[in-house]
Amino acid sequence: MKNHLFVTLMLATASLSSFATVESAVADSMVFDKGTARTFMRDSEKIYMKPDFSAISPSGHVLYYRIIKNKENAVEVVDSMGMSNVKLIGDLIIPSTVKNAGTTYNVTSIGSTAFLRTENDLINNHDGIYSVVFPEGIESIGRGAFCDNRYITKIVLPNSLRSIGDNAFFGCSIRDLEVPGENLKTISKYAFYACGIVNLVVKEGVEVIESYAISLSQGQGEKNIRVELPESIRVIEEWAIDGSNLDFQVKELIMHRKKPCVIAYAEELYGGETIINYAVTPFEQFSVIVPEGCAEAYRNYEYWGDAKNIEEMPTGIEESEAVTESNFYSANGIIYSKEPVFYSVYDMVGRCLYAGNKKELSLPKGLYIVKTVDKAEKVMVR
């Protein structure tokens, strides 16, 4: 276990190597150096695509675009960091459409390494992008597109998104992440690694989370870690969600899938010893919450039984934000009391978070126990 935690800690704190600009696209490849436990993109993997024009975004940033030849009136954002004389700083809004020479183009993709931080930025600790809002219509975010933008703390991804490339947001500082699943089927390797995520919600439609796709916070004063995965999840590969070396009081994994999904499992030889890589690391420290009537199936399914504990959510909660049969329901991060009544709210480890008679109580996303004088029930806050 010590070796396991040591390797994972090094992975989560690894830095990227330098990037050089080249004019040719490169193969989709990653390097994992077990000797130094570092993940990196090769120096030659900085992709430069000659832009066709530039335009000012709704947030006031100059972005560069390449016309996509096989798509009518479609463009992708290309290297807007390396070509700009002014560093991109502040909250970035990607436009849904952009005009040039009398033609209106639809912005459908973010090119590979389009906003990748340069070695010079990292050495001189330049300020950078704080947040990114992607409009509906964006279908793909290329590999390394926002890699190592350490100042990015928030992103809003569109339902139109179909693919996220490897390393797309590697090294950002995203704490709350919601991944849409309307069109996206796979979360790629290292897409959100070294991001320090505290609250992760993967929406219905996503089927596969690849190896090293996501890493959770390594500890910045948080007390709770929460991961919520949809009914559609079929495969979680090894070390897909890395939450090792954490010392939080609550680590929740909420599964909406009634039948346990496949957990990829791997054994690696490191330092002469065999270590075990689970899909969610360390799996034995997470409380897994599953749909009602499914706990026994999870306990008996390969590797799921290694979880710290497995609990069931009330009937219907996994399908709706506002389902209770008594005084309380939840929606938009708030617990509502239908009638004036004194009640207390507890987290899943039994700590009292509130006692009183507020009609509306704002709480972080998660599963809670609400008690009145004569009744106790579970309420899911989303």
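Because the structure is predicted, anything quoted here is derived from the model rather than measured.

Caption draft 1: Examining the pattern of salt bridges more closely. Going through the model one piece at a time under the given rule, you end up with seven salt bridges. A salt bridge links Arg 234 to Glu 207; the shortest N-O distance between them is 3.2 Å. Of this pair, Arg 234 sits in the loop between strand S21 (224-229) and strand S22 (235-236) while Glu 207 is found in the loop between strand S18 (199-202) and strand S19 (208-209), placing the two residues 27 residues apart along the sequence. For Arg 234, a relative accessible area of 40% translates into the label partly exposed. Looking at Glu 207, the relative accessible area reads 25%, which means it is partly exposed.

Caption draft 2: Representation of the pairing of strand S6 (residues 62-67) in the model. As defined by bridge partners, strand S5 (residues 53-56) adjoins S6 across four bridges and the pair is classed as antiparallel. For Ala 55, the partnering residue across the bridge sits in S6 and is Leu 63. The turn linking S5 back onto S6 is made up of five residues, and Gly 60 within it adopts a positive phi angle of 85°. As paired elements, S6 and strand S7 (residues 74-78) share four bridges and run antiparallel to each other. Across the sheet, the residue bridging to Tyr 64 is Val 78, located in S7. Counting the residues between successive antiparallel strands, the hairpin from S6 to S7 contains six residues, one of them, Asn 73, with a positive phi of roughly 50°.

Caption draft 3: Main features of the sheet that holds strand S13 (residues 154-156). Here we have three strands laid out as an open sheet, ordered S8-S11-S13, and parallel in their pairing. Looking along the sheet, the strands with just one partner apiece sit at the ends: strand S8 (90-93) and S13. Ignoring strand direction, the axes of neighbouring strands in this sheet form an average angle of 20°. Relative to strand S11 (residues 129-133), S8 runs parallel, the two sharing four bridges.

Caption draft 4: Inspection of the sheet that holds strand S32 (residues 334-337) at higher detail. Strand order in the open sheet formed by three strands is S31-S32-S35, and the pairing between neighbours is antiparallel. In this open sheet, the two strands that pair with only one neighbour each are strand S31 (328-331) and strand S35 (360-362). Direction aside, neighbouring strands of the sheet carry axes that sit 25° apart on average. As defined by bridge partners, S31 adjoins S32 across four bridges and the pair is classed as antiparallel. Within S32, the position partnered with Phe 328 by the bridge is Ser 337.

Caption draft 5: The environment of Tyr 130, seen in detail. If you trace the backbone, Tyr 130 turns up in strand S11. Classification of Tyr 130 by relative accessible area gives partly exposed; the value is 31%. In the structure, Tyr 130 is positioned 19 residues away from Asn 149 in sequence and 8.5 Å away in space, judged by C-alpha atoms. With residues up to four places along the chain from it excluded, the contact list for Tyr 130 reads Ile 89, Gly 90, Asp 91, Tyr 151, Ile 152, Thr 153 and Lys 154.

Caption draft 6: Seen up close, the nonpolar core. Ile 110, Phe 115, Phe 134, Ile 141, Phe 146, Phe 169 and Phe 192 are the most contacted members of the largest nonpolar core, which totals 69 residues. Excluding anything up to four places from it in sequence, Phe 192 contacts Ile 155, Leu 157, Ile 164, Phe 169, Ile 174, Leu 177, Val 179, Ile 187, Ile 197, Ala 213, Ile 214 and Ser 215.

Caption draft 7: Here's a closer look at the packing of aromatic side chains. The full count for this structure, using the stated rule, is 15 aromatic pairs. For the ring pair Phe 134 and Phe 146, a centre distance of 5.6 Å and an interplane angle of 90° mean the geometry is edge-to-face. One end of the pair, Phe 134, is in the loop between S11 and strand S12 (140-141); the other, Phe 146, is in the loop between S12 and S13, and twelve residues separate them in sequence. Side by side, Phe 134 and Phe 146 carry an identical accessibility label, which is buried.

Caption draft 8: Looking closely at the pairing of S21. Of all six residues in S21, five are buried; the element is thus mostly enclosed. Here three bridges tie S18 to S21, and the two strands are oriented parallel to one another. Pairing of Leu 200 across the sheet is with Val 227, part of S21.

Caption draft 9: Unusual backbone geometry, seen in detail. In this structure, Asp 148 is a non-glycine residue whose phi angle is positive, near 65°. Here Asp 148 shows up in the loop between S12 and S13. Unlike most non-glycine residues, Asn 167 shows phi in positive territory, near 65°. What makes Asn 167 buried here is its relative accessible area of 0%.

Caption draft 10: Geometry of the side chain of Ser 160. Note on placement: Ser 160 falls in the loop between S13 and strand S14 (163-164). Here the side chain of Ser 160 touches Gly 137 through a polar contact of 2.8 Å, landing on its backbone nitrogen. Those residues within four positions of Ser 160 in sequence are excluded, and the remaining contacts are Pro 135, Glu 136, Gly 137, Ile 138, Glu 139 and Asn 183.

Rules of the game
- Residues numbered from 1 in each chain as written.
- Predicted model: local features only at pLDDT ≥ 70, side-chain atom pairs only at ≥ 80, totals over all residues.
- Heavy atoms only, no water.
- Salt bridge = Lys/Arg side-chain N within 4 Å of Asp/Glu carboxyl O.
- Helix = DSSP H or I, 4+ residues; strand = E, 2+ residues; numbered from the N terminus.
- Buried < 20%, exposed > 50% of the residue type's maximum accessible area, 1.4 Å probe, protein only.
- Pairing = 2+ DSSP bridges.
- Axes fitted to C-alpha atoms, helices over the stretch in contact; angles between N-to-C directions.
- Contact = heavy atoms within 4.5 Å.
- Core = buried A, V, L, I, M, F, W, Y, C linked by side-chain atoms within 4.5 Å.
- Phe/Tyr/Trp six-rings, centres within 6.5 Å; stacked < 30°, edge-to-face > 60°.
- Polar contact = N/O pair within 3.5 Å; in protein donor to acceptor, adjacent residues only side chain to side chain.

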